[in-house]
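One letter stands for each residue in the lines below.
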Amino acid sequence: CSHAPVAPPAVEAAKAAPQPAFSAEGLTALEARMQAYVDDGAVQGIATRLVKDGEVVSELKAGIRRAADQAPVEDDTIWRIYSMSKPVTGVALMTLWEEGAFQLDDPITKYFPEFEGMKVFKGLDAAGQPILETPARVATVRDLMSHTAGFGYGLRSGDYVNDQFQAKQVFQSPDLAELATRVSTIPLMYEPGTTWSYSISVDLQARLVEVLTGERFSHALKARVLAPLGMGDTGFYVRDADYDRFSDVWGWSPEQFAFVPLPMPAFQFRKDTVAAELGGHGLVSTMRDYDRFAHMLANGGELDGVRILKPETVKMMATNVLPENVFVGHDGISGTDPAGGGFGLDFGVVTDGAATGNGFPDGAFMWGGAAGTWFWVDPVNNLYFIGMVQRFGQGGPPFDARETSARMVYEALTPAQ
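Residues numbered from 1 in each chain as written. Predicted model: local features only at pLDDT ≥ 70, side-chain atom pairs only at ≥ 80, totals over all residues. Heavy atoms only, no water.

**Q** Could you give an account of the sheet that holds strand S13 (residues 365–368), naming the residues involved and the relevant values?
**A** The seven strands lie next to each other as S2-S1-S15-S14-S13-S12-S11, forming an open sheet whose pairing is antiparallel. This sheet does not close on itself; its edge strands, each paired only once, are strand S2 (55–63) and strand S11 (341–343). In this sheet, neighbouring strand axes are inclined to one another by 15° on average, regardless of whether the strands run parallel or antiparallel. Its contacts with the sheet place helix H2 (residues 24–39) against strand S1 (45–52), S2, strand S14 (374–378) and strand S15 (383–388), and it is angled at close to 25° to S2. (Pairing = 2+ DSSP bridges. Helix = DSSP H or I, 4+ residues; strand = E, 2+ residues; numbered from the N terminus. Axes fitted to C-alpha atoms, helices over the stretch in contact; angles between N-to-C directions. Contact = heavy atoms within 4.5 Å.)

This is the structure we're talking about:
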């Protein structure tokens, strides 16, 4: 039995640790490229963080969060994460799955009786009226979590189903119950289980959490995910006391040849402008908070002794569930048709890393947000990366940070020592 003190061996072990997994030159190049997006005018502000083996190995904050006083991007800047809300909602729902509250192959009509008898849109007849047919089967919760349930979204227009989302003001619903009711009056775009189509399904997952818990979604989300992880700045609106930390969201002005703040009330996330608590794109967060979430995922569902999900549940969520010859139409990261990409339960999943061209290994999982935010978790190399920007719409200098950050991270990764 050794009587040596505990501390010195720990110190010696730290000294003998293997060389860093990243080259200093590679990380410097990564940070310089992220900085260059600000210098080139592609974004007004950016924050990125790369974590390997639980340690921050690269961090950058550049540019401004607000036009009025040129306030800089800080550690505690609050960002609109839009569709990066989706994995958070999915994790909350899967805590209920682990408790046995539902099965993934349950028909959604078990929890949404209003969806009984929904039809599939098959085109317009000669008189311009919709042709509707009964689907071959009812969508399941698994379909709902993998964007294969057939629902539309209403984020774009020009087709009958998505135009109906806009006409019926689905996103202006006062709560998630009314949102589900309005969705139930709109036909499906596709037969359930046959096609991946980005959809309102994660807002319906938020409603499912309400149905299963009897609580408002925000309360259940806080109890199951946000509070246990210490994500105190993540929510559906920005508190008045915290508004100074909230970034502007920017759109390209051809007249000023620069990104300028967008004033629309829907972008402001004040409590009185928020209607339904949208699980699909309703959250704001900080780098610190989303780091807590990504770290939990990278750890297989646990952080600082608090377990949110079992490791096998996280692995299942990050496993491709799409049928053969069904592909992700866009990956939430690049906005383009991805090579080597599939979809799990509320995550895009890399199924063929070599095909991505960005260095991703098979099994990496990810998503992004409409204002440019992005993240991925790489279980093979035990790393994750988060990028925060607020850049909306088209125009302006090109912004390819999502692809470029991945390529440069993996270029900087040296072989295991």
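**Q** Kindly report on the side chain of Asp-203, identifying the contributing residues and their values.
**A** On the secondary structure map, Asp-203 appears in helix H7 (residues 201–213). An unpaired buried charge is present at Asp-203: no salt bridge exists, and Lys-86, the closest side chain of opposite charge, is 6.1 Å distant. (Buried < 20%, exposed > 50% of the residue type's maximum accessible area, 1.4 Å probe, protein only. Lys, Arg positive; Asp, Glu negative; His and termini not counted. Salt bridge = Lys/Arg side-chain N within 4 Å of Asp/Glu carboxyl O.)

**Q** I'd like a description of the nonpolar core, backed by residues and values.
**A** Nonpolar side chains in soluble globular proteins tend to end up buried together. Counting residues in each nonpolar core, the largest one holds 83 residues, and the members touching the most others are Phe-151, Ile-200, Leu-204, Phe-293, Leu-297 and Phe-375. Beyond its immediate stretch of four places on either side in the chain, Phe-293 contacts Pro-87, Val-88, Val-91, Val-225, Leu-229 and Met-231. If you look at the next biggest cluster of nonpolar residues, it comprises 29 residues, including Leu-30, Val-389, Phe-399 and Ala-401. (Core = buried A, V, L, I, M, F, W, Y, C linked by side-chain atoms within 4.5 Å.)

**Q** Summarise the environment of Ile-386; cite the residues concerned and give the values.
**A** By the secondary structure assignment, Ile-386 is in strand S15. Take Ile-386: its relative accessible area is 0%, and that puts it in the buried class. Put simply, Ile-386 and Thr-48 are 338 residues apart on the chain and 5.6 Å apart in space, counted from C-alpha to C-alpha. Here Ile-386 is in contact with Ala-47, Thr-48, Arg-49, Met-287, Tyr-290, Asp-291, Ala-294, Trp-374 and Phe-375, once residues within four sequence places are set aside.

**Q** Requested: an account of unusual backbone geometry, with residues and values cited.
**A** Even without glycine at this site, Gln-70 takes up a positive phi of about 60°. Along the chain, Gln-70 turns up in the loop between S2 and strand S3 (78–80). Look at Tyr-82: it is not a glycine, yet its phi comes out positive at around 45°. Take Tyr-82: it is sitting in the loop between S3 and helix H3 (85–98). Residue Tyr-82 is classed as buried on the basis of its relative accessible area of 7%.

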